[in-house]
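Fold and contact review
The chain contents come next:
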Amino acid sequence: MYQPSHPIPVSIVTGFLGAGKSTLLNRLLGDPALADAAVIINEFGEIGIDHLLVERSGDSVIELANGCLCCTVRGELIDTLADLLDRMQTGKIKPVNRVIIETTGLADPVPVLMAIMAHPAIAAAFSVDGVVTLVDAVTGIGALERHDEAARQVAVADRLVITKTDLVSAKSAESFAARLAAINPTAEIVDGAAPMAANPGLLVAGLFDPARKSAEVGEWLRAAETGHDHHHHDVNRHDEHIRAFALLAGALPSRQIIEAFQHRLAREHGEHILRIKGIVAIAGEPRPLVIHGVGATVYPSRYLAGWPEDSAPETRIIVIGADLGEKAARDLFASFLDRPAVDRPDRAALEDNPLAAFGFRS
């Protein structure tokens, strides 16, 4: 295996669902300092979206789909890093000066770290330069209380970036920062709205040092190294409660249709929605529309500059839910696409009579 003259630094960007990882990456990758960085993006679920949301051309964005990075595609990460070295050696790509790994929001970062640190050949060519964890000021406390992965993402971090601080009071943001410091007192805490959060230096944290972490993190790392902490699941199911599914369609007649669907889904099922994100084709519009949402919150949609060269204009939406009824979501989507069926209203019926979705008729 090709060995660079110096180990290539690896930055791991993690954070629970909806924390803003893709937004951060887009902001940082626009800086010339990261022009020679390779980006590896992992997604949970069978249909990839996030790699399309990174507004960067070329072959330096690599998608790892078909599972959560801490589980089903961990071996694929090692293979991808090995292939990256091979392509540099053979001149297929120019040498990279950094690798940025964006994990899925459901990933436990500990097995990701060990995949790099414990593999002899990979560890000789790459060095973990730090873990940057994004935490959502609006939903972060709830995620920490309900999901072990969110707590681990915070505990392992070298740098914590609090996002969406503009949506909460200064007192709430300060209280949340104190909560994070109690979990990980050695991590630097950065406000996502601060200039530091837009600087590529955010990814440079110095070599990851397990000795500086808590005893609990040390136990996690040892368990991951021996394989005792590893678990398996299918590509769409994280545990018995959390699963992902895709809503697919061609070009939609208007932007208003998808936004109306998203608001309706959030209103009716928000407590069960961990994340909804999608790239949407609109008839007559050459640019793809990006939608996002967390829980009952629908974020403003926006257009990308254009469709990626290797992506056909089509609608792809990923819904990640906790005990969310997939059939109800699919039926609602079909209704807004004017695909009525028995006991399923069309869009006009929904908009004229909002109770139609619950089985009531005018």
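Along each chain, numbering runs from 1 in the same order as the chain's sequence is written. Predicted model: local features are reported for residues with pLDDT of at least 70 only, side-chain atom pairs are reported and counted for 80 or more only, and whole-chain, interface and lining totals are derived from all residues. To get the side-chain values, all heavy atoms of the structure are used, and hydrogens and water are removed first.

Right, let's talk about the packing of helix α10 (residues 255–269) against helix α11 (residues 326–336) for a bit. Note on definitions: angles span 0 to 180 degrees between N-to-C directions of axes, and those axes are lines fitted to C-alpha atoms, for helices only across the stretch in contact. Strands are runs of DSSP state E lasting at least two residues, helices are runs of H or I lasting at least four, and both sets are numbered from the N terminus onward. The N-to-C vectors of α10 and α11 enclose an angle of 150°; their axes lie 10 Å apart at closest approach. As summarised for this structure, α10 and α11 are arranged roughly antiparallel, according to the angle between their axes. Between α10 and α11 lies a crossing whose hand is right-handed. Together, I257, I258, A260, F261, R264, L265, E268 and H269 of α10 and A328, A329, L332, F333 and F336 of α11 make up the contact between the two elements. Note on residue classes: Ala, Val, Leu, Ile, Met, Phe, Trp, Tyr, Cys and Pro are nonpolar, Asp, Glu, Lys and Arg are charged, and everything else, Gly too, is polar. Looking at the contact of α10 with α11 residue by residue, the class counts come to 10 nonpolar, one polar and two charged. Throughout this description, any angle smaller than 35 degrees is read as roughly parallel, any larger than 145 degrees as roughly antiparallel, any in the 65 to 115 degree range as roughly perpendicular, and the remainder as oblique. Should the near helix be turned anticlockwise from the far one by less than a right angle, the crossing is left-handed, and should it be turned clockwise, the crossing is right-handed. Contact criterion: two residues are considered in contact whenever any of their non-hydrogen atoms come within 4.5 Å of each other.

The subject of this paragraph is the packing of helix α4 (residues 109–117) against helix α7 (residues 148–156). Contact geometry of α4 with α7 gives a least axis separation of 9 Å together with a crossing angle of 50°. Taken together, α4 and α7 sit at an angle that is classed as oblique. Seen from α4, the contacting residues are P109, V110 and L113; seen from α7, they are R152, Q153 and V156.

Looking now at the nonpolar core. In terms of nonpolar packing, the biggest core is built from 27 residues, with I12, L81, V99, I116 and F126 touching the most fellow members. Of all the secondary-structure elements, those providing two or more residues to this core are β1 (8–15), β2 (37–42), α3 (74–89), β4 (98–102), α4, α5 (120–125) and β5 (126–136). Here the element with the most residues in this core is α3; it accounts for six residues. Among buried residues, those of type Ala, Val, Leu, Ile, Met, Phe, Trp, Tyr and Cys that are joined through side-chain atoms within 4.5 Å constitute a nonpolar core. Relative accessibility thresholds used throughout: buried, under 20% of the residue-type maximum; exposed, over 50%; partly exposed, between the two (1.4 Å probe, protein chains only). L106, L180, A187 and I318 belong to the second-largest nonpolar core, a separate cluster that totals 23 residues.

Glancing now at the packing of aromatic side chains. In this analysis, rings of Phe, Tyr and Trp, with Trp reduced to its six-membered ring, are considered paired at centre separations within 6.5 Å, and the interplanar angle assigns stacked below 30 degrees, edge-to-face beyond 60, and tilted for intermediate values. Taken as a whole and assessed by the stated rule, the structure comprises two aromatic pairs. Aromatic pair F261 and F333: ring centres 5.1 Å apart, planes at 65°, arrangement edge-to-face. Placement of F261 in helix α10 and of F333 in helix α11 is noted, with a sequence separation of 72 residues between them. One exposure class covers both F261 and F333, and it is buried. Taking the centre distance of 6.2 Å and the plane angle of 70° together, the rings of F261 and F336 count as edge-to-face. One end of the pair, F261, is in helix α10; the other, F336, is in helix α11, and 75 residues separate them in sequence. The pair F261 / F336 is uniform in exposure class, with both members buried. Aromatic ring contacts, followed pair by pair, group F261, F333 and F336 into a single cluster. Our definition puts a charge over a ring when NZ of Lys or CZ of Arg is within 6 Å of the ring centre and also within 35 degrees of the ring normal. Between the NZ or CZ atom of R287 and the centre of the ring of Y303, over which it lies, the distance is 4.3 Å.

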